[in-house]
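Summary of structural features
Below are the chains, spelled out letter by letter.
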Amino acid sequence: MNAQPDRPSLRSALLRFLVPLAALAAMAAFASLEVDPAGAAESGYLALLATAVLLAVAALAPAPAVELGLGATLATAVVWALPQGPGRGAAMGLLLAATLAVAAGRALLGTQGRIGLPVTIPLALGVQFLLRGELLFQPQPDIRTLVALLVLPLAGAAAVTVLSERHGTLPLIAAAVAVAVAPGWDVASTLGMAVLAAGDVLGRREASPWMRAAAVLPFLVALAWEPGPGLAAAVCGLALWRPRIALGLAVPVAAALLWAPWGDEGTREGLRQLAWLPLLLPAVVLPARDRIENVATALLIAATVPLIPDRAVLAAPLGLAALSLRPAGPAAVPQRVWTAAVLGGTALLASYPWLREEPLAEALSLTGLAPGWTLAAGILIAYLVLAAAGLRIPSLASAGLAGAALLLALGTGLPPAGTPLLPPEMPVVLEAGKPAWETVLDPEKVESVVVESSLGNGAALAPGTPVAILHLQNPGGGSAWTLRAGDHTGEWAARRPDVARTRSRAPSPWVSWVAGDFFAQRYRSRWTLPRPERFARLRIERAPGLPPEVVLALHQLEVRE
């Protein structure tokens, strides 16, 4: 008689969920005692974010769930021990991402067949809380927030579970790619996965008539939502039912989408958007032999689908390509390592305090190259080398080799550390009464200068208005650089509702922080000299003619050799 695995009792399950709630109580108590309103608001936000992710970990982690207790303890320590500001938010984001990753890895360890809802639901929710964590800041008790935080991840989890019945763990790669391009579970990425699951159901001989009828609904919803991307998703879903018919339809559909007037956002990305296939799925060069038609369909649709409303419409063709990969073997290991790394980097850059608008692109840019065909070619070459090496070494060693190659790529791509000129979190403010600041430099060669800054009362400035002039001086002369509003720096309260309504231009923020009831932000710009030179002093002064109420906060200055 086979022994049945022990299942946790109801009491132990309830006790497990009490751990995040106890951590929430401890963090909320600390927030209530903070004197600074902004610090209290940040502590409350981090407490809510940590509790949401830890509840997902509580449902996901197998016994004894050591990562849950450790994660809750460390999350409380982060809120209690670290000073308020972006550093505390970055520490919390890294901790929560690592805790969820460990719980997911343990839950998926040894999974070969169907991945049930007890795994996919908490995993989808945890990933959503990390990627869309800004929705937990001053959350609105409305239907839209509820759908974004709960309904869409639940639908995505159901789609992954349905797909895993025939495709094993490959739907996890498809879902990871879908939420990375969005980022998170939004309407487009969720519909893309739902259509693929519906097409998979239609392809099952054992499916009952009512199941087939229900499977038609996601196709209709996708077409009604956005006709162009909906048609592209429908072809991808059909490929899991009738691969050859879908490939035949993909040719005229791709031609129609290519020439249809979808507007500036949807026209002629062509080869540029097709690059996302090798960028995210390098294993697509070695697909399963019986799924070549599906890979061709994914290529055609990915190259022509209009990016309306956003890049998340690529979820369907990218998901179809992911379901066409080899499920096991040396070619599968580096792909899984790469997928986990890309999703992890995207989650960190999408969470507080980074809150990047394009977290996936910036995560890939950490390799030193912007997303495009050059980076795609490098990833493909590295993948093929690792896949060939995997033919002669065990899977565990192959995974370690892939991880080492990834760390090497990041190490060579990251810029060298510079010399900071200001103490951390001690900004210098340039105003009408104090228009300049200067310092003596170590007489080494300077190749570039990095300025991290923000404007106050500068929302009304026209884009391109000079706000400061940076001078590098030496006995023989020097060089100067002009910082401009909207290009190199911007209003610190650009996301405050009253300022956002003015539509003042601001560059992409470098980092954000909680300023009461909105996210404040600061900006980073870099000035690279034509050639490295030795300079004795650095001076930055407020631009003449600037309105007297405008101030420039220098959060950090850094010189790089």
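Residues numbered from 1 in each chain as written. Predicted model: local features only at pLDDT ≥ 70, side-chain atom pairs only at ≥ 80, totals over all residues. Heavy atoms only, no water.

Re the overall build of the protein chain
Counting its secondary structure elements, the protein chain contains 20 helices and 10 strands. Here the protein chain has a C-alpha radius of gyration of 26 Å; the compact-globule value for 561 residues is 24 Å, and the two agree. Dimensions of the protein chain, computed from C-alpha atoms along their principal axes, come out at roughly 80 × 60 × 50 Å. When each of the 561 residues of the protein chain is scored for burial, the buried share is 50%. Taking the contacts inside the protein chain whose residues are at least 6 apart along the sequence as the reference set, 76% of them involve residues at least 24 apart. Per element, the accessible surface of the protein chain, about 25700 Å² overall, is 65% carbon and sulfur. Each charge class in the protein chain can be summarised by its mean position, and for the 40 positive and 37 negative side chains these summaries are 8 Å apart. (Helix = DSSP H or I, 4+ residues; strand = E, 2+ residues; numbered from the N terminus. Rg over C-alpha atoms; globule rule 2.2 N^0.38 Å. Buried < 20%, exposed > 50% of the residue type's maximum accessible area, 1.4 Å probe, protein only. Contact = heavy atoms within 4.5 Å. Areas by Shrake-Rupley, 256 points an atom, 1.4 Å probe, with all protein chains shown as cover. Lys, Arg positive; Asp, Glu negative; His and termini not counted. Charge placed at Lys NZ, Arg CZ, Asp CG, Glu CD.)

Points about the layout of surface pockets
Estimates place the volume of the largest pocket at around 1400 Å³. Mapped onto the lining of the largest pocket, the elements with two or more residues apiece are helix 4 (86-108), helix 5 (117-131), helix 6 (143-167), helix 7 (170-181), helix 16 (332-350) and helix 19 (395-413). Of all the elements, helix 16 adds the most residues to the lining of the largest pocket, at 12 residues. Classifying every residue of the lining of the largest pocket by side-chain character gives 31 nonpolar, 13 polar and 1 charged. Counted as a void, the second largest pocket has a volume near 1200 Å³. Arg-132, Glu-134, Leu-135, Arg-144 and Arg-495 are, among the 40 residues lining the second largest pocket, the residues nearest its centre. Every element with two or more residues in the lining of the second largest pocket is listed here: helix 6, helix 20 (497-500) and strand 8 (519-534). (1 Å grid on protein atoms, 1.4 Å probe; cavity = no way out; pocket = protein on both sides within 12 Å on 5 of 7 lines; lining within 4 Å. Points joined across faces, edges and corners; volume = space filled by probe spheres on them. Nonpolar A, V, L, I, M, F, W, Y, C, P; charged D, E, K, R; others polar.)

Things to note about a nonpolar patch on the surface
A cluster of nonpolar side chains, namely Ile-143, Leu-146, Val-147, Leu-150, Val-151 and Leu-154, defines an oily patch on the protein surface of about 480 Å² accessible area. Along the chain, Leu-150 turns up in helix 6. With a relative accessible area of 34%, Leu-150 lands in the partly exposed category. (Patch = residues over 30% accessible without salt bridge, like charges linked within 9 Å, V, L, I, M, F, W, Y side chains within 5 Å. Salt bridge = Lys/Arg side-chain N within 4 Å of Asp/Glu carboxyl O.)

Observations concerning the confidence of the model for the protein chain
Looking at the protein chain, pLDDT values average 89 and 95% of them are 70 or higher. By mean pLDDT, the top-scoring element of the protein chain is helix 15 (residues 315-322) (97), and the lowest-scoring one is helix 19 (76). Segment residues 263-267: pLDDT under 50, and 6 contacts once partners within four positions in sequence are set aside and those in other chains are kept. (pLDDT = per-residue confidence, 0-100.)

A look at the packing of helix 10 (residues 227-239) against helix 14 (residues 292-304)
Relative to each other, helix 10 and helix 14 sit at 175 degrees, their axes nearing to 10 Å. One element, helix 10, and the other, helix 14, form an angle in the roughly antiparallel class. Here Ala-232, Val-235, Cys-236 and Ala-239 of helix 10 lie close against helix 14, whose contacting residues are Asn-294, Thr-297 and Ile-301. Tallied by class, the residues present in the contact of helix 10 with helix 14 amount to 5 nonpolar, 2 polar and no charged. (Axes fitted to C-alpha atoms, helices over the stretch in contact; angles between N-to-C directions. Parallel < 35°, antiparallel > 145°, perpendicular 65-115°, else oblique.)

Section: the sheet that holds strand 5 (residues 466-474)
The sheet built from 4 strands is open, its strands ordered 3-9-5-6 with antiparallel pairing. Two strands close off the open sheet at either side, each with one partner strand: strand 3 (436-440) and strand 6 (477-484). Neighbour-to-neighbour, the strand axes of the sheet open up by a mean angle of 15 degrees, direction not taken into account. Pairing of strand 5 with strand 6, which is carried by 8 bridges, proceeds in the antiparallel orientation. Residue pairing across strands places Ala-468 opposite Leu-483, the latter belonging to strand 6. (Pairing = 2+ DSSP bridges.)

A look at the pairing of strand 4 (residues 445-456)
The buried fraction of strand 4 is high, at 10 of 12 residues. Here strand 4 runs beside strand 10 (residues 551-560); their pairing, made up of 9 bridges, is antiparallel. Each bridged residue has a counterpart across the sheet, and for Gly-456 the counterpart in strand 10 is Val-551.

A few points about the side chain of Thr-51
Its place among the elements puts Thr-51 in helix 2 (residues 37-60). Apart from the residues lying within four places of it in its own chain, the contact partners of Thr-51 are Pro-20, Leu-21, Leu-24 and Met-27.

Things to note about the pairing of strand 8
Here 8 bridges tie strand 4 to strand 8, and the two strands are oriented antiparallel to one another. Bridging from a neighbouring strand, Val-451 pairs with Ser-525 of strand 8. One ladder, built from 4 bridges, connects strand 7 (residues 511-514) with strand 8; its direction is antiparallel. Bridging from a neighbouring strand, Val-514 pairs with Phe-519 of strand 8. Once strand 7 ends, the chain turns through 4 residues before running back antiparallel as strand 8, passing Gly-516 with a positive phi of about 80 degrees.

Examining helix 15
Counted residue by residue, helix 15 has 8 buried out of 8 residues, so it is predominantly covered. Buried-residue contacts for helix 15 involve helix 7, helix 8 (187-202), helix 10, helix 13 (276-280) and helix 14.

As for the environment of Gly-418
By the secondary structure assignment, Gly-418 is in the loop between helix 19 and strand 1 (419-420). Gly-418 sits in the partly exposed class, given a relative accessible area of 24%. With 28 residues separating them along the chain, Gly-418 and Val-446 place their C-alpha atoms 9.9 Å apart. Residues contacting Gly-418, with those up to four places away along its chain left out, are Glu-558, Val-559 and Arg-560.

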